[in-house]
Amino acid sequence: MLVGRSALETRLTAAVLIVGGGPCGLMLANELGRRGVSAILVDEKPGTAFNPQANATQARSMEHYRRLGFADEIRREGLPADYPTDVAYFTRYTGYELARFALPSSSRASELVKGLSGSWSAAELPHRVSQKYVEAVLRRHAERLPGIKLNYGHRLIGYAESDDGIVADIECLDDNSRFQVQADFLVGADGPRSQVRQSLGIVYGGETGTQRDFMGGRMLAVYLRSPEFYAGIPHAKAWMYNCFNGDRRAFMASVNGRDEFAFHTQLRPGEDESSITVNEAKAAFQRACGAPIACEVLSFLTWTAGHALVADAMQRGRVFLGGDAAHLFTPTGGLGYNTAIEDAVNLGWKLASVVKGVSPAALLDSYEVERRPVALRNTDYARRFADSLGLFAPAPEIEDATDAGGVARRIAGVYLEQHARAEFNIPGITFGGRYDGSPIIVSDGSQPPPDAANVYVPSACPGGRAPHAWLDDGVSLYDLFGFEWTLLQFGDVTSSHAPLGETARALGVDVKLVTLPKSLRDLYEADLALIRPDQIVAWRGSASQAGTIGRVLARALGHGAGDGARLAS
């Protein structure tokens, strides 16, 4: 319900109203602001996250941060540059080490990336950084953009949609003052209990309530400070510490590499989450340590593992859903936060194109068509990882200093190392999401590589991420792309820049022509490739098809589905 106009003193106007100031909402604000599109963001929280929350930024998200110009800033956050990002498994943190999957530090990753090929041919490698730091960077950059207004400590009261747009009532939680926002579009990035999703009558589908020995059921999350932790355990440092025994299973991420940690453990039958105290949270950590290592509890809360949910729809009229409002993960593989980032990237350029009058409103129908299948794919992968870890139970003797205990530890170690490689070496999931069947992708009839979690085969088959390469001068191919559209030509395919410029001017769109050496043609298996603002291949073709670029670009901008076969011919 809308409050009567007389009760409101102010009406603000923006192209987009964003409800939710987490990673999805903040990333969307950056995407819109960089394109000169105004947006107002509201979030009930007083500011960006205090708790660590998600702890792993995938390489694809880092490539998007690079595109926006602040990947290096993100990479400086969190762990020290020389801190290892190993995933390690222990009976208890002071007990036996069972397995370790060694991964490079941030500085080492920056050195390695230019020498990698195949599955990890990328502009960026993953970065282990807590969400609280990422949100702070996203907020700083969004606040600097003209036309972007972030309002933390504010909540959406209600809204009405009409042919003219959205009118929403907003309340400031500090003084209960209210104002209205008039916008063309509304995006609900307001979390799993999304008010926006509920207002649309859209429900989640999928699996929930899955029970496992671990990562299925009620979980206790403790954000703690323990300056004595590293000195108190007889093992090399790791980023992720897993505790594997029959008494207290847990995982813990190092937040700053010095003294802060994000500790998570499953509540056992009979443990009453409503009565948990600070001392009990501290005791849970110490039990996982196997020693009374001192700690200060900074905050604690409970959450539920065992979700693999996707909203039945991600858009309705002028209203869209993204992030946890659209899909809810059990946080294995770090897939929830990273999927949310790509929601914002996908929706951002499309909203901007429609707001600016470059594209018809029909372009926005492609958001759900493209993103919902990826959400279904990614929640399924996360569920599989949770099953792999949570359904593997420790042997009763695993902590015993006996021959039987040693055998149990060796068996567990082999399994857990294999699991770690499966969950934390996932270029296929990271880079392999595709938009096949989208009305704005022009198929050339080719088939994409098989979808696999741990293997990625670079392919310019339209609908997927543009294959990456490091050029001879050490420059990333992605750094040559335009911020909006890019037409790659391998050799001098087009006779001049004029025809492309005329087409772009006629459509009112920015297209950058990038000429690459013919030696790179095999990477794209084409003479020409049209790259969308989100670095997705929209079309590829031969030199003889250069004259169709105008129609192809119009199709990719949403000007009618047309005949894909005709455009590709």
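For the structure itself, look to the data block above.
Residues numbered from 1 in each chain as written. Predicted model: local features only at pLDDT ≥ 70, side-chain atom pairs only at ≥ 80, totals over all residues. Heavy atoms only, no water.

## Here we look at the overall build of the protein chain
To be explicit about the condition: Think of it this way: any DSSP run of H or I at least four residues long counts as a helix, any run of E at least two long counts as a strand, and we number them from the N terminus. Note that the radius of gyration is over C-alpha atoms, with the globule rule given as 2.2 Å times the number of residues to the power 0.38. For this analysis, residues touch if any pair of their heavy atoms sits within 4.5 Å. Surface exposure here means Shrake-Rupley accessible area, sampled with a 1.4 Å probe, where a residue is shielded only by the protein chains that are shown. We score Asp and Glu as negative and Lys and Arg as positive, and we do not count His or the chain ends. Each charge is placed at NZ for Lys, CZ for Arg, CG for Asp and CD for Glu.
Scanning the protein chain from N- to C-terminus turns up 16 helices and 22 strands. The C-alpha atoms of the protein chain give a radius of gyration of 25 Å, which matches the 25 Å a tight globule of 569 residues would have. Taking the principal axes of its C-alpha atoms as reference, the protein chain extends roughly 75 × 65 × 35 Å. For the protein chain, the proportion of contacts with a sequence separation of at least 24, taken over those separated by at least 6, is 74%. Per element, the accessible surface of the protein chain, about 21,600 Å² overall, is 51% carbon and sulfur. Mean positive and mean negative side-chain charge positions of the protein chain (57 and 65 charges, respectively) differ by 2 Å.

## A word on the pattern of salt bridges
The criterion, for reference: Note on definitions: salt bridges are taken to be side-chain nitrogens of Lys or Arg within 4 Å of carboxyl oxygens of Asp or Glu. Each residue is assigned to one of three classes by its accessible area relative to the maximum for its type, calculated with a 1.4 Å probe on protein chains only: buried under 20%, partly exposed between the two thresholds, exposed over 50%.
Tallied over the full model, the rule gives 43 salt bridges. Taking the shortest distance from any N to any O, the salt bridge between E63 and R60 comes out at 2.7 Å. Of this pair, E63 and R60 both sit in helix α2 (residues 59-68), three residues apart, roughly one helical turn. Each member of the pair E63 and R60 is classed as buried. Among the salt bridges present, the one from R225 reaches E260, with a minimum N-O distance of 3.4 Å. Remark: E260 occurs in strand β13 (residues 260-266) and R225 occurs in strand β10 (residues 217-225); sequence separation between them is 35 residues. Three or more residues joined by partner-sharing salt bridges are found here, namely R92, D247, R248, R268, E271, R287 and E399.

## Here we look at the pairing of strand β3 (residues 87-90)
Applied cut-off: Following DSSP output, two strands are said to pair if at least two bridges run between them.
Here β3 shows a buried face lined by V87 and Y89 and a second buried face lined by A88 and F90. Here β3 runs beside strand β4 (residues 97-101); their pairing, made up of four bridges, is antiparallel. Following the sheet pairing, F90 is matched in β4 by E97. Two elements, β3 and strand β11 (residues 240-243), share four bridges in a ladder whose sense is parallel. Each bridged residue has a counterpart across the sheet, and for Y89 the counterpart in β11 is N242.

## Here's the deal with the packing of aromatic side chains
Note the following rule: Ring pairs shown here join Phe, Tyr and Trp side chains whose ring centres sit within 6.5 Å, with only the six-membered ring taken for Trp; geometry is labelled stacked below 30 degrees between planes, edge-to-face above 60, and tilted in between.
In this structure the tally under the stated criterion is 24 aromatic pairs. Taking 5.5 Å as the distance between ring centres and 55° as the angle between the ring planes, the aromatic pair formed by Y230 and F261 counts as tilted. Residue Y230 is found in helix α7 (residues 229-232), and its partner F261 is found in strand β13; the two are separated by 31 residues along the sequence. Assigned by exposure class, Y230 and F261 land together as buried.

## A few points about the pairing of strand β1 (residues 11-19)
With eight bridges joining them, β1 and strand β8 (residues 178-188) adopt parallel strand pairing. Among the inter-strand pairings, R11 is bridged to a residue of β8, identified as Q180. For β1 and strand β2 (residues 39-43), the ladder comprises four bridges, and the chain directions are parallel. In the sheet register, V16 faces β2, and the bridge partner there is A39.

## Considering the environment of C461
Tracing the chain through its elements places C461 in the loop between α12 (427-431) and β19 (485-490). When the C-alpha atoms of C461 and S275 are compared, they prove to be 55 Å apart, with 186 residues separating the residues in sequence. If near-sequence neighbours (up to four positions away) are discounted, C461 is found in contact with R434, S446, Q447, P448 and R540.

## Focus on the side chain of H141
Our working rule: Any pair of nitrogen or oxygen atoms within 3.5 Å is treated as a polar contact; in protein, a donor-acceptor pairing is required on top of that, and neighbouring residues in sequence qualify only through side-chain atoms on both sides.
Here H141 shows up in helix α5 (residues 131-143). Taking relative accessible area as the criterion, H141 reaches 16% and is therefore assigned buried. A distance of 2.7 Å separates the side chain of H141 from the side chain of E73, its partner in a polar contact. Sequence-distant contacts of H141, that is, excluding residues within four places in its chain, are made with N30, F70 and E73.

## Some points on helix α15 (residues 549-556)
Where burial is concerned, most of α15 is hidden: six out of the eight residues are buried. Three or more residues of α15 are buried, namely I549, V552, L553, A554, R555 and A556. Immediately downstream of α15, the backbone of G558 shows phi near 95°, a positive value.

## Focus on the environment of R410
Structurally, the position occupied by R410 is in helix α11 (residues 403-424). Separated by 311 residues in sequence, R410 and A99 have C-alpha atoms that sit 8.8 Å apart.

## A short note on the sheet that holds strand β12 (residues 250-254)
Formally: Lines fitted to the C-alpha atoms define the axes, with helices restricted to the stretch that makes contact. Angles between their N-to-C directions range from 0 to 180 degrees.
If you walk across this open sheet you meet the seven strands as β4-β3-β11-β12-β13-β10-β14, and the pairing is mixed. Pairing within the sheet leaves two strands with one partner each, and these edge strands are β4 and β14 (296-305). Between one strand axis and the next, the sheet turns through 15° on average, direction left out of account. Bridge count between β10 and β13: seven bridges; the pairing is antiparallel. Bridge assignment links L220 to a residue of β13, and that residue is T265. Its contacts with the sheet put α11 on β3 and β4, and the angle it makes with β4 is roughly 25°.

## Side note on the packing of helix α9 (residues 335-355) against helix α10 (residues 365-390)
Relative orientation and spacing of two packed helices are given, respectively, by the angle between their axes and the distance between those axes. Note the threshold: The scheme is simple: roughly parallel for angles under 35 degrees, roughly antiparallel for over 145, roughly perpendicular for 65 to 115, oblique for anything else. Basically, the charged four are Asp, Glu, Lys and Arg, the nonpolar ten are Ala, Val, Leu, Ile, Met, Phe, Trp, Tyr, Cys and Pro, and anything else, Gly included, counts as polar.
Contact geometry of α9 with α10 gives a least axis separation of 11 Å together with a crossing angle of 170°. The orientation of α9 relative to α10 falls into the category roughly antiparallel. Every residue of α10 that contacts α9 at L335, T339, E342, D343, N346, L347 and K350 is listed here: S366, Y367, E370, R371, N378, Y381 and A382. Here the residues of the contact of α9 with α10 sort into five nonpolar, four polar and five charged.

## Things to note about the nonpolar core
Quick reminder of the rule: Here, nonpolar core means buried Ala, Val, Leu, Ile, Met, Phe, Trp, Tyr and Cys residues that are tied together by side-chain atoms lying within 4.5 Å of each other.
Core analysis: the largest hydrophobic core is formed by 93 residues, its most contacted members being V16, L17, Y65, L351, W485, L487 and L530. If you tally residues by element for this core, the top one is α9, at 10 residues. With sequence-adjacent residues up to four places away left out, Y65 is seen in contact with M27, T57, F70, A71, I74, V134, L138, Y337 and I341. With 55 residues, the next largest nonpolar core counts A56, W239, F285 and A408 among its residues.

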